[in-house]
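# Structural features, examined
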Amino acid sequence: MEEHEEHRAPDWLVWVLAAFFAVMALCALAFWASSAVVAAGVSGVISAVGPGAIAIFGALHIPAAIVGVLLLQWRRPVLPVTYRVALEAGTIYFGGAVLISIFFNYLAVSFMDRWR
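The structure contained in this document is the topic of the report that follows. Please read all numbers here as calculations on a predicted model, not as lab measurements.

On to the overall build of the protein, then. Counting its regular elements, the protein contains five helices and zero strands. Secondary structure of the protein in N-to-C order comes out as α-α-α-α-α. By the compact-globule yardstick of 13 Å for 116 residues, the protein is too spread out, its C-alpha radius of gyration being 18 Å. Expressed as a percentage of the 116 residues in the protein, the buried residues total 23%. Sequence separation of 24 or more characterises 66% of the internal contacts of the protein that already satisfy a separation of 6 or more. For the protein, the accessible area works out to roughly 8600 Å², and carbon and sulfur atoms hold 72% of it. Separation of charge centres in the protein, based on 6 positive and 7 negative side chains, amounts to 15 Å.

The biggest cluster of nonpolar side chains holds 14 residues, and the ones touching the most others in it are F21, M24, V67, L71, L87 and F94. Of all elements in the fold, only α1 (11–37), α4 (61–75) and α5 (81–114) reach the threshold of two or more residues within this core. Here L71 is in contact with V14, L17, A18, F21, R76 and L87, once residues within four sequence places are set aside.

What follows concerns the side chain of H61. Its location among the elements puts H61 in helix α4. With near-sequence residues (within four places) excluded, H61 lies in contact with M24, Y93, F94, A97 and V98.

A separate point is the environment of E5. Relative to the helices and strands, E5 is located in the segment before α1. When the C-alpha positions of E5 and R116 are compared, they lie 57 Å apart, and in sequence the two are 111 residues distant.

Our focus in this paragraph is the pattern of salt bridges. If you walk through the whole model with that rule in mind, you get four salt bridges. Its salt-bridge partner being R8, residue D11 comes within 2.9 Å of it at the nearest N-O pair. As a salt-bridge pair, E88 and R76 come within 2.9 Å of each other at their nearest N and O atoms. With E88 in helix α5 and R76 in the loop between α4 and α5, this pair connects stretches of sequence that are 12 residues apart. Shared partners join several salt bridges into a network, and the residues in it are R8, D11 and R75.

What follows deals with the side chain of S35. Residue position: S35 is located in helix α1. S35 gets classed as buried once you look at its relative accessible area, which sits at 10%. At 2.8 Å, the side chain of S35 forms a polar contact with the backbone oxygen of F31.

The rules behind each value
Residues numbered from 1 in each chain as written. Predicted model: local features only at pLDDT ≥ 70, side-chain atom pairs only at ≥ 80, totals over all residues. Heavy atoms only, no water. Helix = DSSP H or I, 4+ residues; strand = E, 2+ residues; numbered from the N terminus. Rg over C-alpha atoms; globule rule 2.2 N^0.38 Å. Buried < 20%, exposed > 50% of the residue type's maximum accessible area, 1.4 Å probe, protein only. Contact = heavy atoms within 4.5 Å. Areas by Shrake-Rupley, 256 points an atom, 1.4 Å probe, with all protein chains shown as cover. Lys, Arg positive; Asp, Glu negative; His and termini not counted. Charge placed at Lys NZ, Arg CZ, Asp CG, Glu CD. Core = buried A, V, L, I, M, F, W, Y, C linked by side-chain atoms within 4.5 Å. Salt bridge = Lys/Arg side-chain N within 4 Å of Asp/Glu carboxyl O. Polar contact = N/O pair within 3.5 Å; in protein donor to acceptor, adjacent residues only side chain to side chain.

Put into structure tokens, the structure is as follows:
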């Protein structure tokens, strides 16, 4: 029986996904850091950036969570500890944000259903 090498993602794809994940993580960090220092908090940052851009950014949390899992699968063993911990933390953040948003969307739909 022949042994086959496990599939490896192309290096260019890993680079593109890593760049996307890094940009999303930096944007999330900037969002929360600026929310801590702006007087109006989160709503002030949303007003300054614009609700449309924030909606797109929020929607991109879903692919960011998926990309984080893929990068962990493909590159975790070869990453230096600092990068691995950052990747794990970002993946947990994006995945948690997605789960929380699904839960609150469910609550919103449940309340809207009661008001019909």
